[in-house]
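For reference, the chains in residue letters:
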Amino acid sequence: MKMQADRPEGSNAITRHGAEGIVVNGREHRHNVLVPWRGEVLPWAVSSFDALDEASFEALIALGPELVIFGSGSRIRFPRPALLKALLARRIGFEAMDTPAACRTYNVLLGEGRAVVAALLFERGG
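Residues numbered from 1 in each chain as written. Predicted model: local features only at pLDDT ≥ 70, side-chain atom pairs only at ≥ 80, totals over all residues. Heavy atoms only, no water.

Asks: With reference to specific residues and values, describe the pattern of salt bridges.
Replies: Applying the stated criterion to the full structure yields 3 salt bridges. Through salt bridges with shared partners, one network takes in Glu-20, Glu-28 and Arg-30. (Salt bridge = Lys/Arg side-chain N within 4 Å of Asp/Glu carboxyl O.)

Next up, the structure:
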């Protein structure tokens, strides 16, 4: 799906998403990825949903968001609560949804000027 977002200057808008990746600011990403509201879009060193661990979420904390939007792939899946402990201890919000919904929600929050990170898993990502 192609999306057209109003975005604040210097922010990372997701302009297209599909089962195998996304486009952010004209650049295609075909791997699991972290999309912060500003700064560099980063590969997320997670091979699959089942490989999520505490270190996976420490990478999110390092970006300093107020909220994380987690896209779990083609269907909604929730990480084990123990994995979210470090986020919650720092009062970082967390929402899980399928990856297409996460892309749309991220853009809405970005348009509101929120410090949001999209943590996105793709079926073919890695």
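Asks: Describe in detail the nonpolar core, supporting the description with residues and values.
Replies: Ile-22, Val-35, Trp-44, Leu-60, Phe-70, Leu-87 and Leu-120 are the most contacted members of the largest nonpolar core, which totals 41 residues. It is helix H3 (residues 99-111) that provides the largest number of residues to this core, a total of 6 residues. Those residues within four positions of Leu-87 in sequence are excluded, and the remaining contacts are Phe-57, Leu-60, Ile-61, Val-68, Ile-92 and Phe-94. (Core = buried A, V, L, I, M, F, W, Y, C linked by side-chain atoms within 4.5 Å. Buried < 20%, exposed > 50% of the residue type's maximum accessible area, 1.4 Å probe, protein only. Helix = DSSP H or I, 4+ residues; strand = E, 2+ residues; numbered from the N terminus. Contact = heavy atoms within 4.5 Å.)

Asks: How would you sum up H3? Please name residues and give values.
Replies: With 13 residues, H3 extends 18 Å from end C-alpha to end C-alpha; this agrees with the ideal 18 Å at 1.5 Å per step. All of the buried residues in H3 are Thr-99, Ala-101, Ala-102, Cys-103, Tyr-106, Asn-107, Leu-109 and Leu-110. Looking at the packing, one finds that the buried side of H3 touches strand E1 (14-18), strand E2 (21-24), strand E4 (33-36), strand E6 (67-71), strand E7 (93-97) and strand E8 (116-120). Where H3 ends, the next residue or the one after it, Gly-113, has phi of about 80 degrees, a positive value. (Expected span 1.5 Å × (residues − 1).)

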